[in-house]
Amino acid sequence: MSDTVIVIGAGHNGLVAAALLARRGLRVRVIESRAVAGGLCAGEAFHPGYRHIGVHHDASTLRPWVARALQLSTHGLSLRPPPPILVAGPGEHEGWVLPSLRGSSDPTEALGSGPEPSLGEHQAGIHALEALLTSVSPVLQGFLDNPAPSLDLSTPSWPVIQRALALRGLGARQMLELMRIAALPVDDALAEYIPAPRLRAALALPALIGAYMGPWSPHSAGLWLLQGAQTASDVAGGPAELSRILEKVATHHGAEILFEHEVERIRIEDGRVEGVVLRGGDEIDATVVVSSLEPRRTLLDLISPLDLPVQLEDEIRCHRVRATSAKLHLALSGLPRWSSAEGVFERIRVAGDPASLERAFDAAKHRRLPAAPALDVRVPTVSEPGLAPPGHHVASVHVLGVPYEPAGGWSPEVRRRLSDAALDQLEEVAPGIGASVVGIELLTPPDLEARFGISGGHLLHGEAALDQLWSLRPGPLLSRHETPIEGLFLASGGIHPGGGPSGASGALAARAIQEADQRRGRRP
Amino acid sequence: MSTRYDAIIIGGGHNGLVCAAYLAKAGRKVLVLERRPVLGGAAVTEELHPGFKYTVCSYVVSLMRPWIVRELELARCGLQLIPLECSFTPHLEGPGLCRWPDPQRTREEIAGLSVADAEQYPRFGQAMGRLARFVKDVIDQPAPDPASLWPSDLGQLARHARAFQQLSSADALNQIKLATMSAADLLDEWFESDALKAPMSCSGIIGTFLGVRSPGTAAVLLHHYMGEIDGASRAWGIARGGNGAVSEAIATAARGFGATIRTQAAVARILVRGGEAAGVVLDSGDEIEAKVVVSAAEPRLTFLRLLGREHLDDDFVARIKRYRCRGSSGKVNLALDRLPSFTCRPGDGLHIRGDIAVAPSIDYLEEAYDEAKYGAFSRRPYLNVVIPSLLDPTLAPPGKHVMSIFVQYAPYALEAGPSAWPSQREAFGDAVVQTLAEYCPGLEASILHRQVLTPWDLEQQFGLTEGNIFHGELTADQLLFQRPLAGWARYRSPVPGLWMCASGTHPGGGVMGAPGGLAAKAILSAAVV
Ligand SMILES: Cc1cc2nc3c(=O)[nH]c(=O)nc-3n(C[C@H](O)[C@H](O)[C@H](O)COP(=O)(O)OP(=O)(O)OC[C@H]3O[C@@H](n4cnc5c(N)ncnc54)[C@H](O)[C@@H]3O)c2cc1C
Ligand SMILES: Cc1cc2nc3c(=O)[nH]c(=O)nc-3n(C[C@H](O)[C@H](O)[C@H](O)COP(=O)(O)OP(=O)(O)OC[C@H]3O[C@@H](n4cnc5c(N)ncnc54)[C@H](O)[C@@H]3O)c2cc1C
């Protein structure tokens, strides 16, 4: 039947695309190789009795317009202000409690509770940074929330003009300031507001997850601003809960999810999609296939080289996917006690100072293990005790400064050294935490690659970089979600607008399919 | 007797001289004041060992704008450029890599590393060449101003936009990638051989405190393809007589048009009367008046030291203070008893009549950068070596040679602070010579005299703030309409009567004369003198 749409992969983007397409009345079948939905956002048991809330542990990047389009709040989505962040230091007076700097909040979010920000003399600097983000975010969100324009320059492009006018709408001064700051190393940009190096490192850290950059790399400030603009309200229950809700919404609208089925190949005849072949040999016919897999995998592994136009191959081969972080899940017998602050914290950053953060990147760059990895920590059991046995806790940790593969490979001994280095870092700021560890799961980039089918083990399906954004994510032929292969659409984070769990690529892919249908006069 | 000048130029670097020449040519009464005993600033030749003339700082020429050479008749004033014969990358094992002006020979060389790369190399050159033409158009006129609503500015933006539109989609894509990517990443898209990519990537890091893997460094690759000597694109050369000869030729032109040039005349302060620049006060205490004062010194020096923040609003002061000038380069000049011989290609030959890059791999270059980031000079640095006496025998006694070694990385801010440089200068010089000697053993024994310039020395001797060779880093946040600051990229300053004309203004550093020429045109068309 010509209206069948196959969505490959039930990650957040695949589910968003499936839900939106099913709601239009299309027959949607989602094919997922694993037994659970959510992909990198799926909550899973990693040690008997302990669950994490996703390899991505922060869902505050969910775009509000996607949530509205799918009426997620009526399906149980509960928003709250992102919990404050402890900038953990080794000594009693060496910590700060940061508010989450974000571009927008949802007016429907529930009130937050928990520790109040404590910033000491940096209050004014943080407020000034917040003000900067608030003023530039609408412009950046305009880039993130709309389809990427074509780079065909022969005709003036309305979307490009629109973005240019929005930029101009900031006023000359603020426009120039945005252009200046975006090009800076994030540490230099933050230094204009925050004199304390350790606070700067902690502020910079999240923008470096998924970037092949250190805090001293030019353009990292641009990524920082984009991330701030993309950060909105936190989803209660995190990515795991978001995945559950998206799965429910997709099936509610009639999408069917086939778990534990793996697409082996996308069938293409004469440049047009015909369906997919599953491992085991079963075939499913479809005129539209939406792949939410990481795009290198979709194009290079699922499509026969004979069916792949050479320009597409060139474009995707240039898409850079060098991971610089690993993921660590810890099962803890008690709540970590942070030496730098009293109280219970759900989000903690262990970033050292900018130089040590830069050294962590050096390690990844030169294929070494980091001596002092930087850590982005979430203790989800603080708000959801049910994830672990009573009184026990879970720590979900992005470990920065990790190469795809250290020189010499990932032996059990090398893996051990990495988790030890991360635990040493934690021990410094939370003495005793090491003794409370009852279970560990370490996911190196190759582990992530094998488990989730993401090339390079890259959590964002492709590096965040100014040349891998917008119409260049992953390149001019593929960034508009529709591909030159008729009926093949891409809905991964490796496609504009990228980023973490945002649902935006899936939603824009669904829109591209609708527009393609309208062009062909298939549907109103 | 007091003489009132139309214009005083602070600094006799090549840009100050170009500006002076244009103003004098237009009939203005011009005075150039240079602090040092010799003219030229960072484009200077000095005989520091009897019989041996060093091209002390800058050593190769290519970006010198042809319109300036023509309009100032610099050839008639003695400027003569000699093209380099080769780009040689010696290796510790194997024959090393030579890239020659002859494409066929280059292709054969590269094919020894990778046949695919040998095919790609000319295509890459052609693609860059097309983009270089687009960029040249940008550097030969004042910076576009995206914030302005004046019809003439909008018109200029529209012209650039149209030129961009006329690029093919592939070229436009490359242009965007050049502006955003790292040199190493961009070259990865084209080539597979690390030994080829390494020396190619180096032009992306010259003068910046960035590594070949730092985003933004691809942009500078283009510079490489913008060179012109005698109308031949892409050739690099040296000036007969060293780079000081470039400055001398411009000075000759300026004097010919009636400009007065004084050396050993350091400006202590810019005179401000009634909120307007009215002249300068020299170190000697002398006051000289002029209708306009044009600074050819680096912007932070100009505004914070020579002008003084009391004449500026706080916002401007805050912005100029954060203008980024981190020095990262040093220079070692050697007088040699005999020609060095490279193990991988021994003896004399065309291969050493060009530039010689110690850049064996991308990782080598990146490690050199990583070491410097934390406040130490690279123990195994990137070197760019030229032996100009091979092409220009006037620089050294017969049979003897001068060697110019450009070095990265030498961070201005050593861990122990910049003033620790004098105590590390010789160790730095040793590291440079030892690194090079690995490729040409016996080098040490042939050294008759050595000059080591650290970033600290560049600041002390040449007035280059923090030793930055380009009067401010050439990164996207301070190029074009943001050089040196957004709103002040058209050679004017917040103080009426005070103008800027050197590398800290659009289009930036390098021996090209464009800032000086464009500034003079701006001053003349503003009809302030
Ligand atoms: C080591 C080194 C190697 C380089 N290599 C190359 C190269 O190979 N090719 C290339 O194209 N570029 C090279 N460059 C860059 C290039 O030399 C510079 O960008 C360019 O020469 C700067 O010219 P300018 O006229 O703008 O400024 P400068 O040459 O810096 O001139 C400024 C002048 O102002 C004078 N001055 C400062 N303060 C005062 C004062 N108070 N009173 C009076 N006078 C004052 C200074 O003495 C100086 O002469 C190199 C630079 C360095 C340092
Ligand atoms: C401050 C400063 C600024 C500098 N700026 C530059 C700069 O902008 N550009 C620069 O080149 N060097 C610059 N240099 C010198 C530079 O570091 C070395 O000269 C450069 O690294 C050597 O160039 P390459 O080996 O990459 O040569 P390439 O340009 O790749 O070429 C090698 C040789 O082959 C020739 N060639 C290349 N392609 C072709 C082709 N398709 N057909 C025919 N002939 C061809 C060239 O003319 C040249 O003779 C600078 C140095 C300093 C200190």
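Small disclaimer: the values here were computed from a predicted structure and weren't measured.

Caption draft 1: Region of interest: the sheet that holds strand β15 (residues 329–336) of chain B. All names here are of chain B. An order of β7-β6-β16-β17-β18-β15-β19 is seen for the seven strands of this open sheet, with the pairing classed as mixed. Single-partner strands in this sheet number two, and they are β7 (97–99) and β19 (447–453). Sheet twist, expressed as the average angle between the axes of neighbouring strands with direction ignored, equals 20°. The pairing of β15 with strand β18 (residues 401–408) spans eight bridges and is antiparallel. Looking at β18, one finds that L334 is bridged to M403. Against the sheet, helix α14 (residues 421–437) engages β15, β16 (355–358), β17 (382–386), β18 and β19, with an angle of about 120° to β19.

Caption draft 2: How the structure looks around the side chain of R347(A). Residues and elements named next belong to chain A. Take R347: it is sitting in strand β15 (residues 347–350). Polar contacts involving the side chain of R347 include one to the main-chain carbonyl oxygen of P83, which spans 3.0 Å. Residues in contact with R347, not counting those within four places in the same chain, are D58, P82, P83, P84, I85, L86, S100, V377 and R378.

Caption draft 3: Main features of the interface of chain A and chain B. The partner chain B presents 37 residues to the 38 residues of chain A that form the contact. Between chain A and chain B, a total of about 3100 Å² is buried, with carbon and sulfur atoms accounting for 58% of that surface. Here the element with the most residues in the side of chain A that touches chain B is helix α5 (residues 172–182) of chain A; it accounts for seven residues. Here the side of chain A that touches chain B is composed, by residue class, of 19 nonpolar, four polar and 15 charged.

Caption draft 4: Spotlight on the nonpolar core. Judged by nonpolar contacts, the single largest core of 64 residues is most densely connected at M403(B), I405(B) and L436(B). Listing elements by their share of this core, those giving two or more residues are β15, β16, α13 (362–373), β17, β18 and α14 of chain B. At seven residues, the largest contribution of residues to this core is made by α14(B). Residues in contact with L436(B), not counting those within four places in the same chain, are F342(B), V358(B), L383(B), V385(B), M403(B), I405(B) and L443(B). Counting 54 residues, the second largest nonpolar core, distinct from the first, contains V87(A), A202(A), L203(A) and A486(B).

Caption draft 5: Quick look at the domain arrangement of chain B. Residue and element names in this part refer to chain B. Splitting chain B by domain gives domain 1 (4–81 + 241–324 + 471–525), domain 2 (85–235) and domain 3 (326–465). Between the C-alpha centres of domain 2 and domain 3 there is a distance of 25 Å. A per-residue breakdown of the area domain 2 buries against domain 3 is headed by F88, P90 and F209, which together make up 27% of the total. One can count two salt bridges joining domain 2 with domain 3. Across the pair E109 and R345 runs a salt bridge, and its minimum N-O distance is 2.7 Å. Taken together, domain 2 and domain 3 are joined by 17 residue pairs in polar contact (both at pLDDT 80 or more). In terms of residue count, the dominant contributor to the side of domain 2 that touches domain 3 is helix α8 (residues 194–201) (six residues).

Caption draft 6: Expanded view of the site of ligand 1. Residue and element names in this part refer to chain B. Taken together, 36 residues surround ligand 1, and among them N15, E34, H471, S503 and G510 come closest. Within the contact set of ligand 1, an oxygen atom lies 3.0 Å away from a backbone nitrogen or oxygen of Y59. H471 places a polar side-chain atom, nitrogen or oxygen, 2.7 Å from an oxygen atom of ligand 1. Isolated, ligand 1 exposes 1000 Å² of accessible area, and the fraction of that covered by the protein chains is 96%. When residues of the shell around ligand 1 are traced back to their parent elements, those giving at least two are α1 (14–25) and α11 (299–307).

Caption draft 7: Geometry of the pattern of salt bridges. Residue and element names in this part refer to chain A. Evaluated as defined, the whole model comprises 74 salt bridges over all chains. For R378, the salt bridge is made with D58, and the minimal N-O distance between the two is 3.9 Å. Residue R378 is located in strand β16 (residues 374–378), and its partner D58 is located in the loop between β4 (50–51) and α2 (64–69); the two are separated by 320 residues in the primary sequence. Salt bridges sharing partners connect three or more residues here, namely D58, R80, D234, E346, R347 and R378.

Caption draft 8: Geometry of the environment of H49(B). All names here are of chain B. Tracing the sequence through the fold places H49 in strand β3 (residues 45–49). On the accessibility criterion, H49 (22% relative accessible area) is partly exposed. Among all residues touching H49, those that are not within four sequence positions of it are A335, L448 and H449.

Caption draft 9: Focus on the pairing of β16(A). Residue and element names in this part refer to chain A. The buried count for β16 comes to five of five residues, which makes it a mostly enclosed element. Side chains A374, D376 and R378 project from β16 onto one buried face, and the interleaved L375 and V377 project onto a second face that is buried too. Strand direction decides the pairing type here: β15 and β16, joined by four bridges, are antiparallel. Paired with I348 across the two strands is V377, which belongs to β16. Across five bridges, β16 lies against strand β17 (residues 393–400) in antiparallel orientation.

Caption draft 10: Focus on the state of the cysteines. Residue and element names in this part refer to chain B. All chains considered together, the criterion is met by zero disulfides over all chains. Cysteine C19 shares no disulfide, and the gap to the nearest cysteine sulfur, in C501, comes to 4.2 Å. C19 gets classed as buried once you look at its relative accessible area, which sits at 0%. Summary of cysteine pairing: C325 is not part of a disulfide, and the nearest cysteine sulfur, belonging to C57, is at 15 Å.

Caption draft 11: Representation of a nonpolar patch on the surface in the model. Residue and element names in this part refer to chain A. Judged by side-chain polarity, W158, I161 and L165 come together as a nonpolar surface patch covering roughly 330 Å² of accessible area. Within the fold, W158 resides in helix α4 (residues 158–168). Overall, the relative accessible area of 54% leaves W158 in the exposed class.

Caption draft 12: Representation of empty space enclosed by the protein within the structure. Inspection of the entire model under this criterion finds nine cavities of 30 Å³ or more. Taken together, 39 residues form the lining of the largest cavity, with T61(A), P206(A), A207(A), Q227(A) and T231(A) sitting closest to its centre. Of all elements in the fold, only α3 (123–145), α7 (197–208), α8 (220–230), β15 and β16 of chain A reach the threshold of two or more residues within the lining of the largest cavity. If one sorts the elements of the lining of the largest cavity by residue count, α8(A) sits on top with six residues. Roughly 90 Å³ of volume is contained in the second largest cavity. As for the second largest cavity, its lining consists of 17 residues, of which M213(A), R320(A), A465(A), D185(B) and P215(B) are closest to the centre. Taken together, the residues of the lining of the second largest cavity sort by class into seven nonpolar, four polar and six charged.

Caption draft 13: Representation of the packing of aromatic side chains within the structure. For the coordinates displayed, the defined rule picks out 18 aromatic pairs over all chains. Relative to Y369(B), the ring of F209(B) has its centre 6.2 Å away and its plane inclined at 75°; by these criteria the two rings are edge-to-face. Placement of the pair is F209(B) in the loop between α8 and α9 (218–223) and Y369(B) in helix α13, with a sequence separation of 160 residues. Relative accessible area serves as the criterion here: at 12%, F209(B) is assigned to the buried category. Between the NZ or CZ atom of R322(A) and the centre of the ring of Y212(A), over which it lies, the distance is 3.7 Å. For R105(B), the ring lying beneath its charged end belongs to W100(B), and the centroid distance is 3.7 Å.

Parameters at a glance
- Residues numbered from 1 in each chain as written.
- Chains lettered and ligands numbered in written order.
- Predicted model: local features only at pLDDT ≥ 70, side-chain atom pairs only at ≥ 80, totals over all residues.
- Heavy atoms only, no water.
- Pairing = 2+ DSSP bridges.
- Helix = DSSP H or I, 4+ residues; strand = E, 2+ residues; numbered from the N terminus.
- Axes fitted to C-alpha atoms, helices over the stretch in contact; angles between N-to-C directions.
- Contact = heavy atoms within 4.5 Å.
- Polar contact = N/O pair within 3.5 Å; in protein donor to acceptor, adjacent residues only side chain to side chain.
- Buried area = accessible area lost by both parts, 1.4 Å probe.
- Nonpolar A, V, L, I, M, F, W, Y, C, P; charged D, E, K, R; others polar.
- Core = buried A, V, L, I, M, F, W, Y, C linked by side-chain atoms within 4.5 Å.
- Buried < 20%, exposed > 50% of the residue type's maximum accessible area, 1.4 Å probe, protein only.
- Domains from an automatic or database assignment.
- Salt bridge = Lys/Arg side-chain N within 4 Å of Asp/Glu carboxyl O.
- Near = heavy atom within 4 Å.
- Areas by Shrake-Rupley, 256 points an atom, 1.4 Å probe, with all protein chains shown as cover.
- Disulfide = S-S within 2.5 Å.
- Patch = residues over 30% accessible without salt bridge, like charges linked within 9 Å, V, L, I, M, F, W, Y side chains within 5 Å.
- 1 Å grid on protein atoms, 1.4 Å probe; cavity = no way out; pocket = protein on both sides within 12 Å on 5 of 7 lines; lining within 4 Å.
- Points joined across faces, edges and corners; volume = space filled by probe spheres on them.
- Phe/Tyr/Trp six-rings, centres within 6.5 Å; stacked < 30°, edge-to-face > 60°.
- Lys NZ or Arg CZ within 6 Å of the ring centre and 35° of its normal.

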